[in-house]
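Chain residues, written in single-letter form:
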Amino acid sequence: MRKNRLGAVAAMAAVAALALTSCGGGSGEGDADSIRIGIKFDQPGLGFKDGNNYTGFDVDVAKYVANELGYTEENIEWISAPSANRETMLQNDQVDMIFATYSITEERNKVVDFAGPYFVAGQDLLVATDSDIASPEDLNGKNLCSVTGSTSAQKVKDNYAENTNLQELPGYAECVTQMGGGTIDAVTTDDIILAGLAAQPAYQGKFKVVGAPFSEENYGVGLPDGTDKCGDINAAISKMIESGAWDEALTANTEGTGYTPNSETNPPELSDTCA
Ligand code: GLU
């Protein structure tokens, strides 16, 4: 009896150990041959989940970089990384890398590291096609929507909060839905994100991106603080740019949105250290 119980305990421990290794143990590096990548799930053209399909420029850059680091597409586990959760997800080892329209900022750099930048966007406004809002100065008395934890919401709070009614939601797609319903006058975030959302079939002809960017958003690869991977990741991004794959991915993912990347800042220059 006693022996049997011990045997059962040993068997259970063995099963538990197996379960731990096969799901990455929930800590450390994860499975030796799989990689957990945080992306947006609701930003068409950048990071978008459609069933089991993941598409967008962030996804394409992530796949390219992962491949250069030795991971095939099958070895990538895509994880939703909303704006407000990104630092925490890296700090808590829930992801290995983040490609999620993630601007490199001094504040974020205190708690995470960044490789890149792999793209430079600019904060802009999305408004109704017949709106006369043309800059953040025109937002007086207006209802503006942005996302919690984003540089976009922070910039509004820092510079335009006095006369603007800012609503913060978990994702930009939700902001655009609200604007479709008429309760919001403008959505603010990076131009490339707004262009992708406005080009959705449901919104055809309804919205326009103002096209006067008022910030520079350097998209970095979010990594745990103290990483030694920036050199390899930056080399992979440089290779993607030099090979033409970067251009191809950007064109394919912005086609039909009317978006033109800023050619003065793109493609960005990379060093061999973290940003
Ligand atoms: N790039 C900006 C940021 O990192 C806005 C887009 C986003 O929320 O992902 O906050």
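Scroll up a little and you will see the structure.
Residues numbered from 1 in each chain as written. Predicted model: local features only at pLDDT ≥ 70, side-chain atom pairs only at ≥ 80, totals over all residues. Heavy atoms only, no water.

Caption draft 1: Structural context of the overall build of the chain. Secondary structure summary: the chain contains nine helices and 13 strands in total. Relative to its 275 residues, the chain shows a buried fraction of 43%. Summed over all atoms, the accessible surface of the chain reaches about 13500 Å², with 48% contributed by carbon and sulfur. (Helix = DSSP H or I, 4+ residues; strand = E, 2+ residues; numbered from the N terminus. Buried < 20%, exposed > 50% of the residue type's maximum accessible area, 1.4 Å probe, protein only. Areas by Shrake-Rupley, 256 points an atom, 1.4 Å probe, with all protein chains shown as cover.)

Caption draft 2: The arrangement of the site of the ligand in detail. Surrounding the ligand, one finds 17 residues, the nearest of these being Lys40, Ser83, Thr101, Tyr172 and Asp190. Contact between the ligand and Arg108: an oxygen atom at 2.9 Å from a side-chain N or O atom of the residue. Interatomic distance of 2.7 Å between a side-chain N/O atom of Asp190 and a nitrogen atom of the ligand. At the level of elements, α5 (151-159), β11 (186-190) and β13 (217-224) are the ones that each hand at least two residues to the shell around the ligand. Tallied by class, residues from the shell around the ligand come to five nonpolar, seven polar and five charged. (Near = heavy atom within 4 Å. Polar contact = N/O pair within 3.5 Å; in protein donor to acceptor, adjacent residues only side chain to side chain. Nonpolar A, V, L, I, M, F, W, Y, C, P; charged D, E, K, R; others polar.)

Caption draft 3: Up close: the pattern of salt bridges. Using the criterion set out here, one finds seven salt bridges in the structure. Taking the shortest distance from any N to any O, the salt bridge between Lys110 and Glu107 comes out at 3.1 Å. For Lys110, a relative accessible area of 57% gives the class exposed. Given a relative accessible area of 54%, Glu107 falls into the exposed group. Among the ionic contacts, a cluster of salt bridges with common partners joins Arg36, Asp93 and Asp96. (Salt bridge = Lys/Arg side-chain N within 4 Å of Asp/Glu carboxyl O.)

Caption draft 4: Region of interest: the pairing of strand β8 (residues 123-128). Of all the six residues making up β8, five are buried; the element is thus mostly covered by neighbouring parts of the structure. One ladder, built from five bridges, connects β8 with β11; its direction is antiparallel. Bridge assignment links Leu125 to a residue of β11, and that residue is Thr188. Bridge count between β8 and strand β12 (residues 207-209): three bridges; the pairing is antiparallel. Along β12, the bridge assignment pairs Leu126 with Val209. (Pairing = 2+ DSSP bridges.)

Caption draft 5: Focus on the packing of helix α2 (residues 57-68) against helix α8 (residues 230-243). Running from N to C, α2 and α8 point in directions that differ by 115°, and their axes come no closer than 9 Å. Considering how the two elements wind past one another, α2 and α8 form a crossing that is right-handed. Side by side, α2 and α8 meet where Asp60, Val61, Tyr64, Val65 and Glu68 of the first sit next to Ile233, Ala236, Ile237, Lys239, Met240 and Ser243 of the second. (Axes fitted to C-alpha atoms, helices over the stretch in contact; angles between N-to-C directions. Left-handed = near helix turned anticlockwise from the far one by under 90°. Contact = heavy atoms within 4.5 Å.)

Caption draft 6: Spotlight on the environment of Glu264. Checked against the element boundaries, Glu264 lands in the segment after α9 (245-254). Classification of Glu264 as exposed rests on a relative accessible area of 76%. Remark: the alpha-carbon pair of Glu264 and Val120, spanning 144 residues in sequence, is separated by 9.6 Å.

Function cannot be read off these values alone, since they describe shape.
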